[in-house]
Amino acid sequence: MIARTFVFAVTALAAASASAPSVPAQQLVELPAEDHPLDPAFEEVFRVGAIDGEPWEIFSTLVGIEFDARGNLYLFDGVTRAGAPARLVMLEQLRVLVFSATGAFRHEFGRMGEGPGEFSWPIGYTVMRDGTTVVNDVRHGGYQLFDPSGTFVRMVREPDEVGMTSEIQADPRGGAVLGETSAMNMGRGTGWNSRPVLRLSIGGEVVQADTAAEGWLPDRSAPEGEAADVARSFGLGAFTLPAVFEPEMLFAVLPDGTVVHSDSSAYHLHLTHPGARRVERVITRPISPRPVTQAVKEAYVKRRDADMEARLRRAEEVGRRLTIMGVSEPHFYPVLAVIEALAATWDGRIWAQRRGDARDGGEPIDVLTPAGDYIGTFPAGATAMPDAFGPDGLAAFVELDEFGVASVVVRRIPAAVR
């Protein structure tokens, strides 16, 4: 899957160490323990992207992929800032490439700058069903809206009290996007006691925010360590970051506006209908999270150090100096969350990707209905999680060749799983 910017989400530990508080009047649905294998017989529709060719065929860093209701494909392609932390994608350039439902290049738009319709620090991207592109821009302090031709329409200002949202998803009903408040705003001394998913109305001049779903917030009274060092390095003061491997607050939006979210290390999917403000259904599977062993910790530290060295080399290659603070021993979460990614199709299926075992070479993906009907599971290694779903069963996947060059493949998925 493409990297998501500012994904600092946190969720409940649903193992022995902690559990989320219960919500009255919830319907509990338990899925079977045994997997029913699904065949990924996906029909390829088209692919775009090349190692050489026209400018619109060569991608740098794909930070977002979306469809509109006509099946047009929107690619948000950026150039990342040298030395930017892996979990904080800072862009020096951003363009939006638009392709038809058959893969024909239509147009591109977007450039960096300080003026209306220009990007300064974009961190969130989505496309409404009608083809309106929405870009959350930090330095502009709001959401920029573009019509289907790429023409700038207007800016919707984001009030300070809403807080910074990163990954945004379009409300299928129109008029709003949904976003998660950055986890940097939560924890010790911040006053937050939950992880809200906000429905942000963009119909006026100023965003109107309402809570669409609430996720449980684990204890943030962690000892001093890497999270505190990173927070200080960005001048965040008392703000805190999650522990390493703390499960993310994952969410997806169903066609009727229902939010499905995962805020637990265990297999718990929570559904909140529009306007309900509380979880009305919980879907579970009897699959336990795996412990964070010493081997897992050592592998993480090795990857972290290699990433730091790579960022230093990249900064030097473009003639920049980059200073990385020494970090102390990381603070680890005790378990690895079962659910690693979550998505909803345009026809209302839920796709939940489970954390795979390194020995099997991939992650299994469960497909189910909002009512809790289990459709089946794509076995580990059978298919990647789509980077975007679209109408009529369309699904987009980012693929890398042996040289690391990205292309986007659009496939059509069978009716049973769309």
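Residues numbered from 1 in each chain as written. Predicted model: local features only at pLDDT ≥ 70, side-chain atom pairs only at ≥ 80, totals over all residues. Heavy atoms only, no water.

Tell me about the overall build of the protein, and please be specific about residues and values.
Regarding its fold elements, the protein presents two helices and 27 strands. When burial is assessed residue by residue, the protein has 52% of its 418 residues classed as buried. Long-range pairs, those at least 24 residues apart, make up 57% of the contacts in the protein with a sequence separation of at least 6. (Helix = DSSP H or I, 4+ residues; strand = E, 2+ residues; numbered from the N terminus. Buried < 20%, exposed > 50% of the residue type's maximum accessible area, 1.4 Å probe, protein only. Contact = heavy atoms within 4.5 Å.)

Help me get a handle on the pattern of salt bridges, residues and values and all.
For the structure shown, the criterion picks out 16 salt bridges. Close ionic contact of Glu-118 with Arg-111 constitutes a salt bridge, the shortest N to O distance being 3.0 Å. Members of the salt-bridge network, linked through shared partners, are Asp-35, Arg-285, Arg-354 and Asp-366. (Salt bridge = Lys/Arg side-chain N within 4 Å of Asp/Glu carboxyl O.)

Describe the packing of aromatic side chains, with residues and values.
In total, this model carries 14 aromatic pairs according to the counting rule given. Judged by centre distance (5.7 Å) and plane angle (65°), the ring pair of Phe-99 and Phe-105 falls under edge-to-face. Its relative accessible area of 28% is what places Phe-105 among the partly exposed residues. Where Phe-245 meets Phe-332, the ring centres are 6.0 Å apart and the plane angle is 25°; that geometry is what we call stacked. With Phe-245 in the loop between helix H1 (226-233) and strand S15 (250-253) and Phe-332 in the loop between helix H2 (294-317) and strand S20 (335-336), the pair connects residues that are 87 residues apart, well separated along the chain. Classification of Phe-332 as buried rests on a relative accessible area of 12%. (Phe/Tyr/Trp six-rings, centres within 6.5 Å; stacked < 30°, edge-to-face > 60°.)

Can you break down the pairing of strand S26 (residues 394-400) residue by residue, with the values?
Across two bridges, the pairing between strand S25 (residues 388-389) and S26 is antiparallel. Bridging across to S26, Phe-389 finds its partner in Ala-395. Between S25 and S26, which pair antiparallel one after the other, the connecting turn spans four residues, and Asp-392 there sits at a positive phi close to 55°. As paired elements, S26 and strand S27 (residues 406-412) share seven bridges and run antiparallel to each other. Note that in S27 the partner of Ala-395 across the bridge is Arg-411. Adjacent in sequence and paired antiparallel, S26 and S27 are bridged by five residues, among which Gly-404 carries a positive phi angle near 80°. (Pairing = 2+ DSSP bridges.)

Which residues make up the sheet that holds strand S23 (residues 365-368), and what are the values?
Judged by pairing direction, the sheet is antiparallel, and its four strands sit side by side in the order S21-S22-S23-S24 without closing on themselves. Across the chains shown, the open sheet's two edge strands, defined by having one partner strand only, are strand S21 (339-344) and strand S24 (374-378). Across this sheet, the average inter-strand angle for adjacent strands is 20°, counted without regard to direction. (Axes fitted to C-alpha atoms, helices over the stretch in contact; angles between N-to-C directions.)

Got a sec to walk through the sheet that holds strand S5 (residues 91-99)? Specific residues and values, please.
The strand order S3-S4-S5-S6 describes an open sheet built from four strands, whose pairing is antiparallel. Whereas interior strands pair on both sides, the edge strands pair on one side only; in this sheet they are strand S3 (61-67) and strand S6 (105-109). Averaged over neighbouring strand pairs, the angle between their axes works out to 20° when direction is ignored. Sheet analysis places S3 next to strand S4 (residues 73-80), joined by six bridges and oriented antiparallel. Directly across from Glu-66, in S4, lies its bridge partner Tyr-74.

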